[in-house]
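Structural characterization, general
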Amino acid sequence: MTLELPRCACGCGAVLVRTGKRGPGPAYASAACRKRAERRRRADAVELPTLVPAEPSMSARPVDAQVERALLEARAVGFALMRLGSQARPELAWRCTKLGEAIIAALGSTFGKETL
Ligand SMILES: [Zn+2]
């Protein structure tokens, strides 16, 4: 039988050290972990566009409609990456944030604010 050590609630994997004897133990390993979990909860609360499934008939639609659809999908991917930037492990997080911000910025600079 293996002893399950309590782990930090932020998902960093740190083992929690219990300092007092009374009450529930700590939920987070550090103040940074608490902050990270808080940011993640806030990001989850934001309503984000869901990825639209591709339709087989898409290539049969007018090209303008296809462009509009592609822009919506690019926007959804950009926001999804930005959200993942606050959830993924550190090695992936900054890349997700950077790519997400770049996609949203590129949409704004090429098609204007009305696409965002
Ligand atoms: Zn942690």
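Residues numbered from 1 in each chain as written. Predicted model: local features only at pLDDT ≥ 70, side-chain atom pairs only at ≥ 80, totals over all residues. Heavy atoms only, no water.

A few points about the pattern of salt bridges
Opposite charge on two side chains makes pairing possible when the charged atoms of those side chains draw close. On inspection of all chains with the given rule, the structure shows four salt bridges. With a closest N to O distance of 2.6 Å, arginine 42 and glutamate 38 form a salt bridge. Remark: glutamate 38 and arginine 42 occur in helix α1 (residues 31-45); sequence separation between them is four residues, near one turn of the helix. Bridged by salt links that share partners, the residues Lys35, Glu38 and Arg42 form one connected network. (Salt bridge = Lys/Arg side-chain N within 4 Å of Asp/Glu carboxyl O. Helix = DSSP H or I, 4+ residues; strand = E, 2+ residues; numbered from the N terminus.)

Some points on the coordination of the zinc ion
Angles at a metal have ideal values that depend on geometry: 109.5 degrees with four tetrahedral donors, 90 or 180 degrees with six octahedral donors. Protein-derived coordination of the zinc ion comes from Cys8 (SG), Cys10 (SG), Cys12 (SG) and Cys33 (SG), at a distance range of 2.2 to 2.4 Å. All donors of the zinc ion come from a single chain, and their spacing in sequence reads C-x1-C-x1-C-x20-C. Of this pair, cysteine 10 sits in the segment before α1 while cysteine 33 is found in helix α1, placing the two residues 23 residues apart along the sequence. (Donors = N, O, S within 2.8 Å, 3.2 Å for Na, K, Ca; no water.)

Some details on the nonpolar core
Grouped together as the largest cluster of nonpolar side chains are six residues: Cys8, Cys10, Leu16, Tyr28, Cys33 and Ala37. For cysteine 33, the residues in contact, after removing those within four places along its chain, are Cys8, Cys10, Cys12 and Tyr28. (Core = buried A, V, L, I, M, F, W, Y, C linked by side-chain atoms within 4.5 Å. Buried < 20%, exposed > 50% of the residue type's maximum accessible area, 1.4 Å probe, protein only. Contact = heavy atoms within 4.5 Å.)

Things to note about α1
Over its 15 residues, α1 extends 21 Å from the first C-alpha to the last, a length consistent with the 21 Å expected when each residue adds 1.5 Å. Among the residues of α1, those classed as buried are Cys33, Ala37 and Ala43. One side of α1 holds all its buried residues, which, seen down the axis, span an arc of 120°. Relative to its buried face, α1 has exposed residues pointing more than 90 degrees away, namely Ala31, Arg42 and Ala45. (Expected span 1.5 Å × (residues − 1). Arc of directions from axis to C-beta.)

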